[in-house]
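For reference, the chains in residue letters:
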Amino acid sequence: MRNAGVAGQMGKQVIVALDFASGKEALDFLGLFAKSGRKPFVKIGMELFYAEGPEIVRKAKALGHKVFLDLKVHDIPNTARRAMASVAAIGADIVNVHAAGGSAMMKAALEGLAEGAGAGRKPLLIAVTQLTSTDAATLRDELLISRPMEETVLSYARLAAASGLAGVVCSPREAPAVKTACGNGFLAVTPGVRFADGEVGDQKRVATPADAARLGSDMIVMGRPITRAADPAAAYARACAEFGVS
Ligand code: C5P
């Protein structure tokens, strides 16, 4: 089943990865945007969530931010379903699993979200394909996957679409093929985004915000280029301008 139109409904977004060790640091960081009047869509990942728990998601939501809760669930279907039932009650806008968990796990995760959300709003579920820090050599020599990167990403994307998910996390470079295979309404959420004059860090499959826009990414995820910038609000504004969102 395809979720035609999810990409259109959500609109293009620059998502800022709140990769901080404490809620205080994260909230102080969000305070830097107060003057700009902008409320970036934020991503809360394992580091912050494990330190602060669901409360940090609720705080970010209460401040007016949309939240992508990036917990990358990957477990047996029953555990994934029950985890997602708990996650649904937290109130994030987007949540995720690893596509490598397989279609039974992805379908179970969707069921869990429906159970946990009850009559409330159900978060969108997307699947991680291959981490953007994984390169061809890691895929071949460590994961023992002999198929090319793009083929494995596409196979995971097709599996996620067939399981009823709203989209995938992939590198901007893989977004065009994902859109061709799964339809334009299927979300391509892309980390591994760097300014042309910035540091790459541990990311390997990178693109600039403008490249990501040209390649059809719906939402870019940027962490360090914004969180570690001398002026994060200015770096966020630059990312929005380059990605083509107001
Ligand atoms: O600092 P940086 O821009 O590299 O942050 C990227 C963020 O996106 C991190 O929070 C990382 O966990 C996340 N991510 C990723 N690649 C994926 C999925 C998530 O880099 N495939």
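We now turn to the structure provided with this report. Throughout this description, residue numbers start from 1 for each chain and increase along the sequence as written. Owing to the predicted nature of the model, reporting of local features is limited to residues with pLDDT of at least 70; listing and counting of side-chain atom pairs is limited to 80 or more, with chain, interface and lining totals taken over all residues. Side-chain numbers come from the whole structure's heavy atoms, not from hydrogens or water.

Below, the discussion takes up the pairing of strand β8 (residues 219–222). When a residue's accessible area, from a 1.4 Å probe over protein chains only, is under 20% of the maximum for its type it is buried; when over 50% it is exposed; and in between it is partly exposed. Strands are runs of DSSP state E lasting at least two residues, helices are runs of H or I lasting at least four, and both sets are numbered from the N terminus onward. A two-sided burial pattern is seen for β8, the buried positions comprising M219 and V221 on one face and I220 and M222 on the other. The pairing criterion is simple: DSSP has to find at least two bridges between the two strands. Relative to β8, strand β1 (residues 13–17) is paired through four bridges, and the arrangement is parallel. From the neighbouring strand, V16 faces β8, where its bridge partner is M222. Where strand β7 (residues 187–190) meets β8, two bridges bridge the pair, whose relative direction is parallel. Within β8, the residue paired with T190 across the bridge is I220. With the strands pointing away from the viewer, any crossover whose connection runs clockwise from the first strand over the helix to the second is right-handed. Handedness of the β-α-β unit built from β7, helix α10 (residues 209–214) and β8 comes out right-handed.

With axes taken as lines fitted to C-alpha atoms, and helix axes fitted only over the stretch in contact, angles between N-to-C directions fall between 0 and 180 degrees. The N-to-C vectors of helix α5 (residues 77–88) and helix α6 (residues 103–117) enclose an angle of 30°; their axes lie 7 Å apart at closest approach. Taken together, α5 and α6 sit at an angle that is classed as roughly parallel. Remark: the crossing between α5 and α6 carries right-handed chirality. Along the contact surface, α5 presents P77, A80, R81, M84, A85 and A88, while α6 presents A104, M105, A108, A109, E111, G112, L113, E115, G116 and A117. In this classification, Asp, Glu, Lys and Arg are treated as charged, Ala, Val, Leu, Ile, Met, Phe, Trp, Tyr, Cys and Pro as nonpolar, and every other residue, Gly included, as polar. Along the lines of polarity and charge, the residues of the contact of α5 with α6 split into 11 nonpolar, two polar and three charged. Note on angle classes: values under 35 degrees are labelled roughly parallel, values over 145 roughly antiparallel, values of 65 to 115 roughly perpendicular, and the remainder oblique. Two helices crossing with the near one rotated counterclockwise from the far one by less than a right angle form a left-handed crossing, whereas a clockwise rotation gives a right-handed crossing. Residues are treated as being in contact if the distance between any of their heavy atoms lies within 4.5 Å.

Moving on to the state of the cysteines. Cysteine sulfur atoms that pair up within 2.5 Å are treated as a disulfide. Throughout the structure, instances matching the rule amount to zero disulfides. Just so you know, C170 is unpaired, no disulfide at all, and the nearest cysteine sulfur is the one on C182, 9.5 Å from it. As a non-bridged cysteine, C240 has C170 as the owner of its nearest cysteine sulfur, 20 Å distant.

Here helix α4 (residues 54–62) has its buried residues at I56, V57 and A60. Viewed end-on, α4 has its buried residues packed into an arc of 105°, placing them on one side of the element. Buried residues in α4 make contact with α2 (23–31), β2 (41–45), α3 (46–52) and β3 (67–73). One or two positions beyond α4, positive phi appears at G64, with a value near 100°. By construction, the arc corresponds to the directions joining the helix axis to the C-beta atoms.

Before going further, it helps to examine the site of the ligand. In the vicinity of the ligand there are 16 residues, among which D19, K43, T132, R194 and R224 approach most closely. Counting of polar contacts relies on pairs of N or O atoms within 3.5 Å, with two restrictions inside protein: one atom must be capable of donating a hydrogen and the other of accepting it, and residues adjacent in sequence are counted only when both atoms are side-chain atoms. At 2.7 Å, a side-chain N or O of D19 approaches an oxygen atom of the ligand. Here the ligand, which alone exposes 470 Å², has 88% of that area covered by the protein. Put simply, the parts of the chain that give the shell around the ligand at least two residues each are β8 and α11 (224–227). Residues of the shell around the ligand, tallied by class, amount to seven nonpolar, four polar and five charged. Nearness here has a simple test: a residue counts as near a molecule or strand if at least one of its heavy atoms is within 4 Å of that partner. With residues, only the protein chains shown are counted as cover, and all accessible areas are computed by Shrake-Rupley using a 1.4 Å probe.

Glancing now at the sheet that holds β2. Spatially, the eight strands close up into a barrel ordered β1-β2-β3-β4-β5-β6-β7-β8, and their pairing is parallel. Geometrically, the sheet is characterised by an average inter-axis angle of 25° between neighbouring strands, direction not taken into account. Pairing between β3 and strand β4 (residues 94–98): three bridges, direction parallel. Pairing of V73 across the sheet is with V97, part of β4.

The values reported here are purely geometric and, on their own, carry no functional implication.
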